[in-house]
Amino acid sequence: MTSFTRSGPLVEGEWVRLTDPKGRKHNVQLEPGKEFSTKKGQIRHDDMLGQPEGIVIQSSLDHPYQVFRPLLFEYVVSMPRGAAIIYPKDAAQIVAQADIYPGARVVEAGAGSGSLTAYLLRAIGPTGTLGSYELREEFAENVRKNVHQVAGDDLPGWTLTVGDVRDAVTETEIDRLILDMVDPWTCIPLASERLVPGGIVCAYVATTTQLSLFVESIRADGGFTEPRAWETLERDWHLQGLAVRPQHSMNGHTAFLVTARRMAPGHRSMGTSRRPAPGAYGPDYKGPRPAGLELAEDD
Ligand SMILES: C[S@@+](CC[C@H](N)C(=O)[O-])C[C@H]1O[C@@H](n2cnc3c(N)ncnc32)[C@H](O)[C@@H]1O
């Protein structure tokens, strides 16, 4: 049984999330006989062990706490991290728009802290494979711990490799390639070589300069469909009686997502019939160029 599938009474060794009436949260790993200290008194683990989720328990100072197993999105935002994580709103977009399906053969780089890894593993299910690549050993160690904690130890379809994905990749047929690294355009040769026809490359990039370079490199390659880029904004709402309105603050920016599909061998992208804006690829533009938009000698 993995944390993805847990249900039934709370057992020794699993994590629960305690929430007090002010919304303050504590994550606790259950051990018989132990107590957890809060400013509002001691909480006995034995009061939770063997109980269902969704109970309210009292601390030694009679302060109430609601008890649930953490959901995946709650877990990934609070897990120990070295590298910045992909937040749940973007992980959900990747799963949906990069079409991660049960049984898919997926490769991701870099694995960072393992947030996206957990979502990908859940989406590919027991019949899929995920090859995760991470440059830095200390981050990879973090990924290993975080993923096993949330998904359990029985993950036969998952490999985590420490190394540069461009040199270390062993997968020869990839259905979905997900890139969360500073220079994803350097993986376009890898995508060309190893993505199956119809396969999807998806990049998560934090800045517009990275977005532009990735998109233009995809176009210049010619072996992918016209890329699509978007961002997702998430705004919480305040809900009380007649005071129903958006929250005043939100996370305004995480990153942009881009996807493109691999063409079949020998077939070039049709590109777009829309003419580029005047000057889009003029002399001031220094990046990669789509076929047919090369600069003339005298430009
Ligand atoms: C923003 S973090 C990834 C976060 C991760 N997707 C998550 O959700 O937790 C970017 C990671 O890419 C790794 N990286 C950068 N270039 C790489 C490469 N060529 N091959 C493998 N990993 C790479 C970095 O070491 C870093 O940990």
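Our structure is the block above this text.
All of the points below concern the structure found in this document. No experiment lies behind these values; they were computed from the predicted model shown.

In spatial order, the strands read β2-β1-β6-β5; together these four strands make up an open sheet with antiparallel pairing. Among the strands making up the open sheet, the edge pair consists of β2 (25–29) and β5 (55–58). For this sheet, the mean angle separating the axes of adjacent strands, direction not counted, is 35 degrees. Relative to strand β6 (residues 64–68), β5 runs antiparallel, the two sharing four bridges. From the neighbouring strand, I55 faces β6, where its bridge partner is V67.

A general trend in soluble globular proteins is that nonpolar side chains are found buried together. Core analysis: the largest hydrophobic core is formed by 57 residues, its most contacted members being L120, L179, V201, C202 and V258. Excluding residues within four positions of it along the chain, L120 makes contact with I100, V106, E108 and L130. Judged by nonpolar contacts, the second largest core, of eight residues, contains L10, L18, F36 and Y65.

Here we take up unusual backbone geometry. Both trends apply: most residues other than glycine have a negative phi, and most peptide bonds are in trans. In this structure, the amide linkage connecting A109 to the following residue, G110, adopts the cis form with an omega of -15 degrees. Along the chain, the position of G110 falls in the loop between β7 (105–109) and α3 (115–124). Here D62, not a glycine, exhibits a phi torsion of approximately 65 degrees, which is positive. Looking at the element boundaries, D62 is found in the loop between β5 and β6. With 8 C-beta atoms packed within 10 Å, D62 lands in the exposed category. The phi dihedral of D99 falls on the positive side, at around 55 degrees, and the residue is not glycine. Tracing the sequence through the fold places D99 in the loop between α2 (88–97) and β7.

With that settled, the discussion passes to the site of the ligand. Within the structure, the ligand sits among 23 residues, and A83, I86, G110, G112 and S115 are positioned closest to it. Breaking the shell around the ligand down by element, the ones donating at least two residues are α3, β8 (129–134) and α5 (165–168). Counted by class, the shell around the ligand contains 13 nonpolar, five polar and five charged residues.

Conventions adopted
- Residues numbered from 1 in each chain as written.
- Predicted model: local features only at pLDDT ≥ 70, side-chain atom pairs only at ≥ 80, totals over all residues.
- Pairing = 2+ DSSP bridges.
- Helix = DSSP H or I, 4+ residues; strand = E, 2+ residues; numbered from the N terminus.
- Axes fitted to C-alpha atoms, helices over the stretch in contact; angles between N-to-C directions.
- Core = buried A, V, L, I, M, F, W, Y, C linked by C-beta atoms within 7 Å.
- Buried ≥ 20, exposed ≤ 12 C-beta atoms within 10 Å, placed from the backbone.
- Contact = placed C-beta atoms within 7 Å.
- Near = placed C-beta within 6 Å.
- Nonpolar A, V, L, I, M, F, W, Y, C, P; charged D, E, K, R; others polar.

Keep in mind these values describe shape, not function.
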